[in-house]
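If you want the building blocks of each chain, they are given just below.
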Amino acid sequence: KKEADAKKQAQIEVEKQMMMKAQSERKAEARKAKKDANAKKQAQKQFKKQMMKAQTKHRNEQKAEARKAKKEADAKKQAQIEVEKQMMMKAQSERKAEARKAKKDANAKKQAQKQFKKQMMKAQTKHRNEQKAEARKAKKEADAKKQSEKYAEKQMLKWQ
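Small disclaimer: the values here were computed from a predicted structure and weren't measured.

*Asks:* I keep staring at the overall build of the protein chain and nothing clicks. Help me out?
*Replies:* A tally of regular secondary structure across the protein chain gives one helix and zero strands. A globule of 160 residues ought to have a C-alpha radius of gyration of about 15 Å, yet the protein chain, at 68 Å, is considerably larger. Looking at the 160 residues of the protein chain, the share that counts as buried comes to 1%. Approximately 16500 Å² of the protein chain is accessible, and the part contributed by carbon and sulfur atoms is 57%. Averaging the locations of the 53 positively and 22 negatively charged side chains of the protein chain gives two centres separated by 6 Å.

*Asks:* How do you make sense of the pattern of salt bridges when you look at a structure like this?
*Replies:* Evaluated as defined, the whole model comprises four salt bridges. With a closest N to O distance of 3.1 Å, Asp36 and Lys32 form a salt bridge. Taken together, the positions of Asp36 and Lys32, both in helix α1 (residues 2–159) and four residues apart, correspond to about one turn of that helix. Residue classification places Lys32 among the exposed residues on the basis of a relative accessible area of 52%.

*Asks:* Teacher, can you tell me more about the environment of Gln147 here?
*Replies:* In this fold, Gln147 is placed in helix α1. Judged by its relative accessible area of 53%, Gln147 is exposed. Note: C-alpha distance between Gln147 and Lys101 (46 residues apart in sequence) is 67 Å.

Cut-offs applied
- Residues numbered from 1 in each chain as written.
- Predicted model: local features only at pLDDT ≥ 70, side-chain atom pairs only at ≥ 80, totals over all residues.
- Heavy atoms only, no water.
- Helix = DSSP H or I, 4+ residues; strand = E, 2+ residues; numbered from the N terminus.
- Rg over C-alpha atoms; globule rule 2.2 N^0.38 Å.
- Buried < 20%, exposed > 50% of the residue type's maximum accessible area, 1.4 Å probe, protein only.
- Areas by Shrake-Rupley, 256 points an atom, 1.4 Å probe, with all protein chains shown as cover.
- Lys, Arg positive; Asp, Glu negative; His and termini not counted.
- Charge placed at Lys NZ, Arg CZ, Asp CG, Glu CD.
- Salt bridge = Lys/Arg side-chain N within 4 Å of Asp/Glu carboxyl O.

Written as structure tokens, this is what we have:
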């Protein structure tokens, strides 16, 4: 009976050891599973983080490119505006110069006409004065001739 008890005790001990070993193995597996799950979770987290980082970088690059393109477009637009402004100013300057020249030409023409009119008036006056002088001279001569004829007539009457 003692041997049977001892055998039974030993059997219980063996089963207890096996149960403890099995429990220990289960715990170890559970720990390993948990560790693997955490590692997987961590890896996914890391992957997601990398993806977000890459997307952010990509978005930032796109934004930077868009800003650069806008800046270039604005600069080009500004340059175009400047060119148009210069052209307008040049055209305005040319119009003003043409207007000044036209005014100058008109004044010169006016001046020339004035001068011509003055010369004409002077020539007409000179011509009238000459005619008057000739008329006076002719009248004077006619009067002198008349006077001379009268005198001659008087003398003839005297002699008769």
